[in-house]
Amino acid sequence: MKVLVTGGMGYIGSHTCVQMIEEGIEPVIVDNLCNSKEAVLTRIHELTGVTPVFYQGDIRDRELLARIFNEHRIGSVIHFAGLKAVGESVEKPLEYYDNNVHGTLVLVDAMKTAGVTSLVFSSSATVYGDPDIMPITESTATGQVTNPYGRSKFMVEECLRDIQLAIPEFSITLLRYFNPVGAHPSGKMGEDPQGIPNNLMPFIAQVAVGRREYLSVFGDDYPTPDGTGVRDYIHVMDLADGHIAALKSVGETAGLHIFNLGTGQGSSVLEMVGAFSEACGYEIAFQICPRRAGDIAECWADTQKANELLGWKARFTVSEMAQDTWRWQSNNPQGY
């Protein structure tokens with residue numbers, strides 16, 4: 001089966017493409033390379049022996065999407081393409097709504113025209129906002145989001161919900177990620193953000209390898225055990241496998257399907273710093289800074305639904321997440 005992977009050159013998309021190839025699924029990638037590099041294709045080939053078909057372009061380009069669907073018999077779409085930095089979204093909401101919301105609508109319209117009715121959407125736990133009760137289940141209320149990035153994901157979910165109701169033959173799966181970290185265990189692929197990293201683990205890794213002087217820890221006065229934010233960190237390889245499990249389990253079943261993808265356990269920022277210090281063999285320098293706008297105190301998943309209905313469960317530990325990230329960053333100090 002051929003699967004169109006939007007944003008397939010990015011961090012999560014590229015690891016998912018590797019796992020898809022290993023499972024005999026053929027990815028067709030479209031990516032505008034705004035936060036990724038074409039060198040990823042070489043790494044995918046090194047790991048799998050396969051170089052996926054790649055189109056450099058934007059999902060808002062209707063003519064490009066029509067050409068891709070015309071040139072390939074696409075069975076399903078996994079939609080990763082999207083801007084994803086919380087802080088940046090507060091500064092640039094227009095760009096986030098245009099890329100994330102408008103881009104998705106153009107994509108789904110192209111799917112409808114091409115008769116492709118299976119979509120797996122890369123959503124986020126940010127759609128839950130700052131819930132009162134942990135862990136977060138799929139029935140936890142959504143929409144009370146605290147930043148434009150999360151709001152764009154929530155808006156897309158609501159659009160897809162309405163589209164599935166209007167076109168009942170559509171299979172739409174919303175995968176609500178918690179906090180992806182880690183890298184391919186080979187050390188050949190990992191997270192390589194453009195500019196200053198917006199996420200915790202790549203920033204820690206760049207401090208460890210000497211690209212950054214210290215890590216900024218945003219807030220140590222949260223109501224958590226050590227005062228720093230608590231998140232559910234999930235290894236990118238587990239996340240990649242979750243997409244394949246969703247494709248196989250519900251990708252051909254009409255309806256709206258919603259799953260949390262996480263480990264079901266929370267770890268604080270300082271716990272992650274400690275795990276990485278152990279992985280690289282020395283202390284990671286950090287400084288406490290004021291809280292960031294839009295951040296919440298704690299967030300972790302109830303993963304029972306994905307465990308039972310998808311037959312999927314996260315396997316990697318926090319220690320393995322740190323070790324794999326360090327292997328990637330130390331082997332590739334400047335990224336790709």
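This text goes with the structure placed above it.
Residues numbered from 1 in each chain as written. Predicted model: local features only at pLDDT ≥ 70, side-chain atom pairs only at ≥ 80, totals over all residues. Heavy atoms only, no water.

Caption draft 1: Region of the structure containing the sheet that holds strand 9 (residues 230-231). Pairing is mixed in the open sheet, where three strands are placed in the order 12-9-14. One side of each edge strand has no neighbouring strand; the edge strands of this open sheet are strand 12 (267-268) and strand 14 (298-299). (Pairing = 2+ DSSP bridges. Helix = DSSP H or I, 4+ residues; strand = E, 2+ residues; numbered from the N terminus.)

Caption draft 2: Structural detail: the pairing of strand 8 (residues 215-218). Alternating residues of strand 8 divide into Leu215 and Val217, all buried, and Ser216 and Phe218, none buried. In terms of strand pairing, strand 8 meets strand 13 (residues 286-289) through four bridges, oriented parallel. By the bridge assignment, leucine 215 is partnered in strand 13 with phenylalanine 286. (Buried < 20%, exposed > 50% of the residue type's maximum accessible area, 1.4 Å probe, protein only.)

Caption draft 3: A look at the side chain of threonine 173. Among the structural elements, threonine 173 can be located in strand 6 (residues 171-177). For threonine 173, a relative accessible area of 0% translates into the label buried. If near-sequence neighbours (up to four positions away) are discounted, threonine 173 is found in contact with Leu119, Val120, Phe121, Ala246, Val250, His257 and Phe259. (Contact = heavy atoms within 4.5 Å.)

Caption draft 4: Structural context of the pattern of salt bridges. Following the criterion strictly, the structure yields 16 salt bridges and no others. In this structure, the salt-bridge partner of arginine 67 is glutamate 71, at a minimum N-O distance of 3.6 Å. Linking arginine 67 with glutamate 71, this pair stays in helix 3 (residues 62-71), spanning four residues, or about one helical turn. For arginine 67, a relative accessible area of 41% puts it in the partly exposed group. When the shortest N-O distance is used, the salt bridge between aspartate 221 and arginine 291 registers 3.0 Å. Taken as a pair, aspartate 221 in the loop between strand 8 and strand 9 and arginine 291 in the loop between strand 13 and strand 14 lie far apart in primary sequence, 70 residues in all. One connected set of salt bridges, linked through shared partners, spans Asp58, Arg60 and Asp98. (Salt bridge = Lys/Arg side-chain N within 4 Å of Asp/Glu carboxyl O.)

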